[in-house]
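Structural features, examined
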Amino acid sequence: GGVPPVTDLVLGATAGCLACVLTNPLEVVKTRLQLQGELQPPGTYPRPYRGVLRAVGAVCRADGLRGLQKGLAAGLLYQGLMNGVRFYCYSCAEDAGWTGYPGGTMAAGAVAGAVGAFVGSPAYLVKTHLQAQTLAAVAVGHQHNHESISGAFESIYKQHGVAGLWRGVTGAVPRVAVGSAAQLATFASAKDWVCERQWFGEGSWAAVLAGGMVSGVAVAVTMTPFDVVSTRLYNQPVDADGAGKLYRGFLDCILQISSKEGLLGLYKGIGAVYLRLGPHTVLSLFFWDELRKM
């Protein structure tokens, strides 16, 4: 508390970007794993990416070490926009006293996440396209073949206008709303819980890290199905009118994945999701908390 919402906007954006630099390689791996075997029954498709560690090796062999930081610029733009807006909205809710009501923290986190996801959606769209691009031998999902982040924005805008930049937002909003609600609610509760039991001192970095680790588990479990759907909606090919060629929308994507890939298809890449979200949650909330104190 005690930090103006406008300051929280800057601090939240900074915290998200600092965490992004360290966790982007896992974001690349997660994207590839989630696109692998798209709408194909298990066991009927080649798997160039098998597990997190072997997927890291496959990315390095195909794209070099720099391949692990594919889409970093777009990722930083997304984290800056999304987290800046998200923490700003959450700070406003705190100042208004909404988080003091039962369920207020979760509701505030969900609304803040939804607004942040909408604002940052174009950057996430481009990030997904760039991270999916690789050599034909190990390519998964549709290949958009953008030359750069600026070229990607320009190409999408020229072909489909402003609306095209927000393609896939129907998957992004519930994804971040659910993840943000779980993250902010469990982080605050876990941090308070460990402090009440005097495991760590009030306001210590260890309490912040403990809250973030618990939060990372909750976010990975609740968010992965939404994350898979969001990745598929963003990366799918589109026709001349900008309509998706594979999925008509959020619900259609869930139904198609469930029927063709099984329910476990909605949890593709969960290991990479947690290995990315765990540190990202810890780092972003840790940086945010420490920057607020400063």
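Rules used in this analysis
Residues numbered from 1 in each chain as written. Predicted model: local features only at pLDDT ≥ 70, side-chain atom pairs only at ≥ 80, totals over all residues. Heavy atoms only, no water. UniProt positions renumbered as here; feature names shortened; annotations may be inferred. Core = buried A, V, L, I, M, F, W, Y, C linked by side-chain atoms within 4.5 Å. Buried < 20%, exposed > 50% of the residue type's maximum accessible area, 1.4 Å probe, protein only. Contact = heavy atoms within 4.5 Å. Helix = DSSP H or I, 4+ residues; strand = E, 2+ residues; numbered from the N terminus. Expected span 1.5 Å × (residues − 1). Phe/Tyr/Trp six-rings, centres within 6.5 Å; stacked < 30°, edge-to-face > 60°. Salt bridge = Lys/Arg side-chain N within 4 Å of Asp/Glu carboxyl O. pLDDT = per-residue confidence, 0-100. Axes fitted to C-alpha atoms, helices over the stretch in contact; angles between N-to-C directions. Left-handed = near helix turned anticlockwise from the far one by under 90°. Nonpolar A, V, L, I, M, F, W, Y, C, P; charged D, E, K, R; others polar.

- Under an unreviewed UniProt entry, the name given to the protein chain is Solute carrier family 25 member 34, and the organism recorded is Mesembrinibis cayennensis.
- In UniProt, the protein chain has this text filed under Sequence similarities (unreviewed entry): "Belongs to the mitochondrial carrier (TC 2.A.29) family."
- A UniProt comment under Subcellular location (unreviewed entry) is attached to the protein chain, and it reads "Mitochondrion inner membrane".

A word on the nonpolar core
- By size, the foremost hydrophobic cluster in this structure holds 16 residues, and its most contacted members are Val29, Leu33, Tyr49, Val52, Val59 and Ala272.
- Residue contacts for Tyr49: discarding those within four places in its chain leaves Arg32, Leu33, Gln36, Ala55, Ala58, Val59, Thr134, Val138 and Val140.
- Grouped together as the second largest cluster of nonpolar side chains are 15 residues, Tyr78, Leu130, Ala152 and Leu165 included.

Examining helix H3 (residues 72-95)
- With 24 residues, H3 extends 33 Å between its outermost C-alpha atoms, agreeing within 8% with the 34 Å of an ideal straight helix rising 1.5 Å per residue.
- Gly97 occupies a position one or two residues after H3 and carries a positive phi of about 85°.

Notes on the packing of aromatic side chains
- Counted under the stated rule, the structure contains 4 aromatic pairs.
- Pairing Tyr124 with Tyr234 gives two aromatic rings, centres 5.2 Å apart and planes at 40°, and the pair type is tilted. Remark: Tyr234 occurs in helix H7 (residues 205-235) and Tyr124 occurs in helix H4 (residues 104-132); sequence separation between them is 110 residues.
- Given the relative accessible area of 2%, Tyr124 is considered buried.

Comments concerning the pattern of salt bridges
- Going through the model one piece at a time under the given rule, you end up with 12 salt bridges.
- Between Lys127 and Glu27 there is a salt bridge, with its nearest N and O atoms 2.8 Å apart. Linking Lys127 in helix H4 with Glu27 in helix H1 (residues 5-35), this pair joins segments that are 100 residues apart in sequence. Here the two residues Lys127 and Glu27 agree in accessibility, since each one is buried.
- Arg175 serves as the salt-bridge partner of Asp227, at 2.4 Å between the closest nitrogen and oxygen.

What about the side chain of Lys127?
- The exposure class of Lys127 is buried, given its relative accessible area of 3%.
- Those residues in contact with Lys127 that sit more than four places away from it in its chain are Glu27, Thr31, Gly71, Ala74 and Gly75.

Description of the side chain of Asp8
- Assignment of secondary structure puts Asp8 in helix H1.
- Once you skip the residues sitting within four places of it in the chain, Asp8 turns out to touch Val3, Phe87, Ser91, Trp288 and Arg292.

Notes on the confidence of the model for the protein chain
- For the protein chain, per-residue confidence averages 89 on the pLDDT scale, and 99% of positions sit at 70 or higher.
- The least confident element of the protein chain, judged by mean pLDDT, is helix H9 (residues 270-293) at 79; the most confident is helix H8 (residues 250-261) at 96.

A word on the UniProt feature "repeat: Solcar" (unreviewed entry) in the protein chain
- In the numbering used here, UniProt assigns the feature "repeat: Solcar" (unreviewed entry) to residues 3-96, 100-193 and 203-294.
- Helix makes up 72% of residues 3-96 and strand 0%, whereas the separation of the span's terminal C-alpha atoms amounts to 13 Å.
- In residues 100-193, the share of helix is 76% and the share of strand is 0%. The end C-alpha atoms are 16 Å apart.

Brief notes about the packing of H1 against H3
- Packing of H1 against H3 brings their axes to within 7 Å, and their N-to-C directions diverge by 145°. Between H1 and H3 lies a crossing whose hand is right-handed. Packed against H1, whose contacting residues are Pro5, Val6, Asp8, Leu9, Gly12, Ala13, Gly16, Cys17, Cys20, Val21 and Asn24, the element H3 presents Leu72, Gly75, Leu76, Gln79, Gly80, Asn83, Gly84, Phe87, Tyr88, Ser91, Cys92 and Asp95 at the interface.
- Residue classes in the contact of H1 with H3 are distributed as 12 nonpolar, 9 polar and 2 charged.

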